Amino acid sequence: MGSNNKSTNEILIKKYKEGVDTLILEFVKDVLDGKRDDSITVGFVNDKAAMTIENLTGKSVHGNRIELDANGVKHIINRHGKNGKQDHSMEEIEDIARMGYVLANYDLIEFHNEYAQGYRDKDGKMSPKIIISKKIDGTFYIIEAVSDSKTKKNHIIS
């Protein structure tokens, strides 16, 4: 039984490492080089996630695009990068480029009644912040601002 868990974990780590999205990786590099100041789509809210998010927040987000913008990249690098002020969990930019993998294969979505300044829902209220997590070799967290606005976009904020 112990070796089965080990092999399952090794497979999970292998899939995670293979989950680098080259478009996201190039976007991150371009942001860090000062070449881009826009956003990129890292995934879409799938049906399972949409149901969970709606149950937690009351927001309908079926099919929403999930975007990472230049400010999000800078925040991640400043807080969690090689010289991060909080930790070094995103020391390698390839980890940022694996966000799509985490979003598609998450383990848990949580909402702690916190809201994202700078992001609004269709009623003009601050967007709820959800925490999406995936246990790999440690836990990978994505903080996302949920929006039910006409733009149909959620935003990664950390």
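Preceding block: the structure.
Draft legend 1. Inspection of the pairing of strand β2 (residues 65-69) at higher detail. Counting buried positions over the 5 residues of β2 gives 4, a clear majority of the element. Across 5 bridges, the pairing between strand β1 (residues 39-44) and β2 is antiparallel. Looking across to β2, one finds that Phe44 is bridged to Arg65. Of the pairings in the sheet, the one linking β2 to strand β6 (residues 153-156) comprises 3 bridges and is parallel in character. Within the sheet, the bridge partner assigned to Ile66 lies in β6 and is Asn154.

Draft legend 2. Structural view of the packing of aromatic side chains. Applying the stated criterion to the full structure yields 3 aromatic pairs. With a centroid separation of 6.1 Å and an interplanar angle of 70°, the aromatic rings of Tyr16 and Tyr101 are classed as edge-to-face. Here Tyr16, found in helix α1 (residues 2-18), pairs with Tyr101, found in helix α6 (residues 99-104); they are 85 residues apart in sequence, far enough to count as distant. Pair check on accessibility: Tyr16 and Tyr101 agree, each one buried. The rings of Tyr16, Tyr101 and Phe140 are connected pair by pair, giving a single aromatic cluster. Sitting over the face of the ring of Tyr106, Lys48 holds its NZ or CZ atom 5.0 Å from the ring centroid.

Draft legend 3. Representation of the nonpolar core within the structure. Val42, Leu68, Met99, Phe140, Ile142 and Ile156 are the most contacted members of the largest nonpolar core, which totals 37 residues. Per element, the largest residue contribution to this core is 5 residues, and it comes from helix α2 (residues 22-32). When neighbours within four sequence positions are excluded, Ile142 is seen to be in contact with Met99, Val102, Leu103, Ile130, Ile131, Ile132, Ile156 and Ser158. Core analysis: the next-biggest nonpolar cluster, separate from the first, contains 5 residues, Ala116, Ile143, Ala145 and Ile157 among them.

Draft legend 4. The arrangement of the pattern of salt bridges in detail. On inspection of all chains with the given rule, the structure shows 10 salt bridges. For the salt bridge of Arg36 with Asp38, the shortest nitrogen-to-oxygen distance reads 2.9 Å. For Lys74, the salt bridge identified is with Asp37, shortest N-O distance 4.0 Å. One end of the pair, Lys74, is in helix α4 (residues 70-80); the other, Asp37, is in the loop between α2 and β1, with 37 residues separating them in the sequence. The network of salt bridges with common partners includes Lys59, Asp121 and Asp148.

Cut-offs and rules
- Residues numbered from 1 in each chain as written.
- Predicted model: local features only at pLDDT ≥ 70, side-chain atom pairs only at ≥ 80, totals over all residues.
- Heavy atoms only, no water.
- Buried < 20%, exposed > 50% of the residue type's maximum accessible area, 1.4 Å probe, protein only.
- Helix = DSSP H or I, 4+ residues; strand = E, 2+ residues; numbered from the N terminus.
- Pairing = 2+ DSSP bridges.
- Phe/Tyr/Trp six-rings, centres within 6.5 Å; stacked < 30°, edge-to-face > 60°.
- Lys NZ or Arg CZ within 6 Å of the ring centre and 35° of its normal.
- Core = buried A, V, L, I, M, F, W, Y, C linked by side-chain atoms within 4.5 Å.
- Contact = heavy atoms within 4.5 Å.
- Salt bridge = Lys/Arg side-chain N within 4 Å of Asp/Glu carboxyl O.

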